[in-house]
Amino acid sequence: PASCARARLTAFLDGPAEQYATGRDRPGSEGSSRLSPHLRFGEISPFRVWQETRENFPGQAPADVGIFKSELGWREFCWQLLYENPSLATRNYRPEFDRFEWQPPSDAELTAWQQGRTGYPLVDAGMRQLWQTGWMHNRVRMAAASFLVKNLLADWRVGEAWFWDTLVDADAASNPANWQWVAGSGADASPYFRIFNPVTQSKKFDAGGRYLRKFVPEIAGMDDQTIHEPWKAPGQAAGYPSPVVGLPESRERALASYQKLKNG
Ligand SMILES: Cc1cc2nc3c(=O)[nH]c(=O)nc-3n(C[C@H](O)[C@H](O)[C@H](O)COP(=O)(O)OP(=O)(O)OC[C@H]3O[C@@H](n4cnc5c(N)ncnc54)[C@H](O)[C@@H]3O)c2cc1C
């Protein structure tokens, strides 16, 4: 309800807002506003969020607060894109990607991704957070989406559809725009050759493994180093799967497909 949305905004502005630039990248802590479901269902408007943010920081707002406001701008940008491109969820924004040779994922690969059993802890923690809570941290959304689209070479629409079905903030504009951003086919998209490495991301943004331990209990007992790469300690993670695909070779495969697209 609207009262919860207002309370959440107040708590954010009085707390994590001033450390937003770094806090928003740590999935193990609450460093972002978590307003997305409220915005999605109109329980609070972006105008109110913007205005209250301004009022909370009169004069020169801290840089972190400016970054938060720019994220609200991304939301507006996504809606502008959808307005101009009603088929944003079904068609590549950049038509040259119509020639990209996505590989339909096998049932085993797709299920592993959806159920959080890829063998890559950050991706798996994110996909389980999504299934259990209906929300996923933004940094992990990027890593999980990149893994599907680049390491598994699946069409971004496969992932968009799953997020659409499972996210509590599933948004007709932000969801396809961000999937296309990750895939490289979108407006102002991340370049295709930028492939998130889930191990590097995990070590950088969840160094102590707090987020991993919460959502992947099979590896909770591992030390802070091994937890990011559990296959390096066979036998220590009972019930946790081996990697569904190798990172170096799947990365090379993705880059080769992109090169083919570029060469025409
Ligand atoms: C593959 C993928 C799919 C996504 N699908 C959705 C979706 O369906 N619905 C959705 O609301 N967001 C989506 N996002 C964007 C982002 O992950 C969420 O908006 C954010 O995690 C929500 O958490 P928050 O409210 O704590 O965000 P905060 O960091 O507190 O940001 C404040 C608000 O700004 C907006 N915002 C932040 N980042 C983005 C962004 N990249 N694009 C558009 N708006 C943004 C949101 O409305 C958010 O509530 C997606 C991102 C990726 C990578």
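Preceding this paragraph is the structure being described.
Residues numbered from 1 in each chain as written. Predicted model: local features only at pLDDT ≥ 70, side-chain atom pairs only at ≥ 80, totals over all residues. Heavy atoms only, no water.

Colleague: Which parts of the structure should I look at to understand helix 10 (residues 174-183)?
Modeller: Taken across its 10 residues, helix 10 has 9 buried, putting it largely inside the fold. Considered for burial, the residues of helix 10 that qualify are Ser 174, Asn 175, Pro 176, Ala 177, Trp 179, Gln 180, Trp 181, Val 182 and Ala 183. On the buried face of helix 10, the contacting elements are helix 5 (63-84), helix 6 (107-115), helix 8 (138-151) and helix 9 (156-166). Of the residues trailing helix 10, Gly 184 is marked for its positive phi of about 95 degrees. (Buried < 20%, exposed > 50% of the residue type's maximum accessible area, 1.4 Å probe, protein only. Helix = DSSP H or I, 4+ residues; strand = E, 2+ residues; numbered from the N terminus. Contact = heavy atoms within 4.5 Å.)

Colleague: What am I meant to see in the nonpolar core here?
Modeller: By size, the foremost hydrophobic cluster in this structure holds 50 residues, and its most contacted members are Trp 113, Met 127 and Phe 163. When contributions to this core are tallied by element, the ones reaching two or more residues are helix 7 (121-133), helix 8, helix 9, helix 10, helix 12 (210-215) and helix 13 (247-263). With 8 residues, the top contributor of residues to this core is helix 8. Sequence-distant contacts of Phe 163, defined by excluding residues within four places in its chain, comprise Trp 113, Met 127, Leu 130, Met 136, Arg 141, Ala 170, Asn 175 and Trp 179. Within the second largest apolar cluster, 14 residues are counted, among which are Phe 12, Leu 13, Tyr 20 and Leu 72. (Core = buried A, V, L, I, M, F, W, Y, C linked by side-chain atoms within 4.5 Å.)

Colleague: Help me understand the layout of surface pockets, please; the structure alone is not making it clear to me.
Modeller: Regions of empty space are outlined by a rolling probe, equal in size to a water molecule, passed over the atoms. Reported here for the largest pocket is a volume of approximately 1100 Å³. If you go around the largest pocket, you meet 40 residues; those closest to its centre are Glu 71, Trp 74, Asn 138, Arg 141 and Asn 178. Within the residue set of the lining of the largest pocket, elements represented by two or more residues are helix 3 (36-40), helix 5, helix 8 and helix 10. Per-element accounting of the lining of the largest pocket gives the leading share, 8 residues, to helix 5. Of the residues contributing to the lining of the largest pocket, the split by class is 21 nonpolar, 9 polar and 10 charged. When residues of the lining of the largest pocket are assigned to domains, at least three map to each of domain 1 (2-84) and domain 2 (92-264). (1 Å grid on protein atoms, 1.4 Å probe; cavity = no way out; pocket = protein on both sides within 12 Å on 5 of 7 lines; lining within 4 Å. Points joined across faces, edges and corners; volume = space filled by probe spheres on them. Nonpolar A, V, L, I, M, F, W, Y, C, P; charged D, E, K, R; others polar. Domains from an automatic or database assignment.)

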